Amino acid sequence: MLKYFCIALGGALGSIARYWVGSTVSGRLGARFPYGTFAINMTACVLIGFVLTFLGRRAELSPAWRYLVPVGFIGAYSTFSTYEWETLSSMRSGAFALAALYAVGSLVLGLAAVWGGSVLAELLA
């Protein structure tokens, strides 16, 4: 039962964080390019790289952390399906270069962010 509580709590916090980050970034940078979703995806990549590497090296930590953070919080915070929808919407509106920039940028910078989070966790663990 504890794992479900941890997932629910993490999910609630992740959803709130997703809304806040997305609306804040979009409000400041505009909506022509999906800056809010892009920022969420990149920070989620750093977080998951860091958290899973860190928890993997710290076996003494309670398993509840795996449910709370990567499953609950990051699972609710990340926005891959929204990313796909926004790419498709850009393509449908004829903004093929914008869609390509968004798709390739998310892939390349996301991989670099996961690597950076993992390296940071290796340094700290």
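Participant: What is the right way to read the side chain of Thr37 from this model?
Facilitator: Looking at where Thr37 falls in the secondary structure, it is placed in helix α2 (residues 35–57). Among the polar contacts listed, one links the side chain of Thr37 to the side chain of Glu86, at a separation of 3.2 Å. Not counting chain neighbours up to four residues away, the residues in contact with Thr37 comprise Thr79, Thr82, Tyr83, Glu86 and Tyr102.

Participant: When you look at helix α4 (residues 80–92) in this model, what are you seeing that I'm missing?
Facilitator: For α4, which comprises 13 residues, the first-to-last C-alpha distance of 18 Å matches the rise-based estimate of 18 Å (1.5 Å per residue) to within 8%. Within α4, burial applies to Tyr83, Thr87 and Ser90. Mapping the buried residues of α4 onto a view down its axis gives an arc of 65°, with all of them on the same face. Pointing more than 90 degrees away from the buried face of α4 are the exposed residues Ser81, Trp85 and Arg92. Its buried side turned inward, α4 meets α2 and α5 (96–124).

Participant: Looking at this structure, I do not really get the packing of aromatic side chains. What am I missing?
Facilitator: How two aromatic rings sit relative to each other is given by the distance of their centres and the angle of their planes. Tallied over the entire structure, the rule returns 8 aromatic pairs. Note on Phe33 and Tyr35: the rings are 5.0 Å apart at their centroids and 55° apart in plane angle, and the pair reads as tilted. By relative accessible area, which is 33% here, Tyr35 ends up partly exposed. With 6.1 Å between their ring centres and 50° between their planes, Phe38 and Tyr102 make a pair best called tilted. With a gap of 64 residues between them, Phe38 in helix α2 and Tyr102 in helix α5 connect regions that are remote in the sequence. For the pair Phe38 and Tyr102, a shared accessibility class is recorded, and that class is buried. Three or more aromatic residues joined by ring pairs form one cluster here, namely Phe33, Tyr35, Phe38, Phe80, Tyr83 and Tyr102.

Participant: Is there a simple way to explain the nonpolar core in this structure?
Facilitator: Soluble globular proteins tend to bury their nonpolar side chains together. Grouped together as the largest cluster of nonpolar side chains are 8 residues: Ala17, Val21, Ile40, Ala44, Val51, Leu55, Ile74 and Tyr77. Those elements giving two or more residues to this core turn out to be α1 (2–29), α2 and α3 (64–77). The element contributing the most residues to this core is α2, with 4 residues. Contact partners of Ala17, with chain neighbours within four places excluded, come to Phe73 and Tyr77. Counting 7 residues, the second largest nonpolar core, distinct from the first, contains Met42, Tyr83, Ala95 and Leu98.

The rules behind each value
- Position numbers for residues count from 1 along each chain, tracking the sequence in the order it is written.
- A pLDDT threshold of at least 70 governs which residues receive local features in this predicted model, and a stricter bar of 80 or more applies before side-chain atom pairs are shown or counted, although totals over entire chains, interfaces and linings include all residues.
- Calculation of side-chain values draws on the structure's entire complement of heavy atoms; hydrogens and water are dropped beforehand.
- What counts as a helix is a DSSP run of H or I of at least four residues, what counts as a strand is a run of E of at least two, and both are numbered from the N terminus.
- Under this definition, polar contacts are N or O atom pairs within 3.5 Å; protein pairs additionally need one hydrogen-donor-capable and one acceptor-capable atom, and for neighbouring residues in sequence, both atoms have to be side-chain atoms.
- By definition, residues are in contact when any of their heavy atoms lie within 4.5 Å.
- One less than the number of residues in a helix, times 1.5 Å, gives the span that helix is expected to have.
- Accessible area is worked out with a 1.4 Å probe on protein chains only. A residue is then buried under 20% of its type maximum, exposed over 50%, and partly exposed in between.
- The directions from the helix axis to the C-beta atoms are what the arc is built from.
- Any two of the Phe, Tyr and Trp rings considered here, Trp counted by its six-membered ring, make a pair once their centres fall within 6.5 Å; the pair's planes then place it as stacked at under 30 degrees, edge-to-face at over 60, or tilted in between.
- Among buried residues, those of type Ala, Val, Leu, Ile, Met, Phe, Trp, Tyr and Cys that are joined through side-chain atoms within 4.5 Å constitute a nonpolar core.

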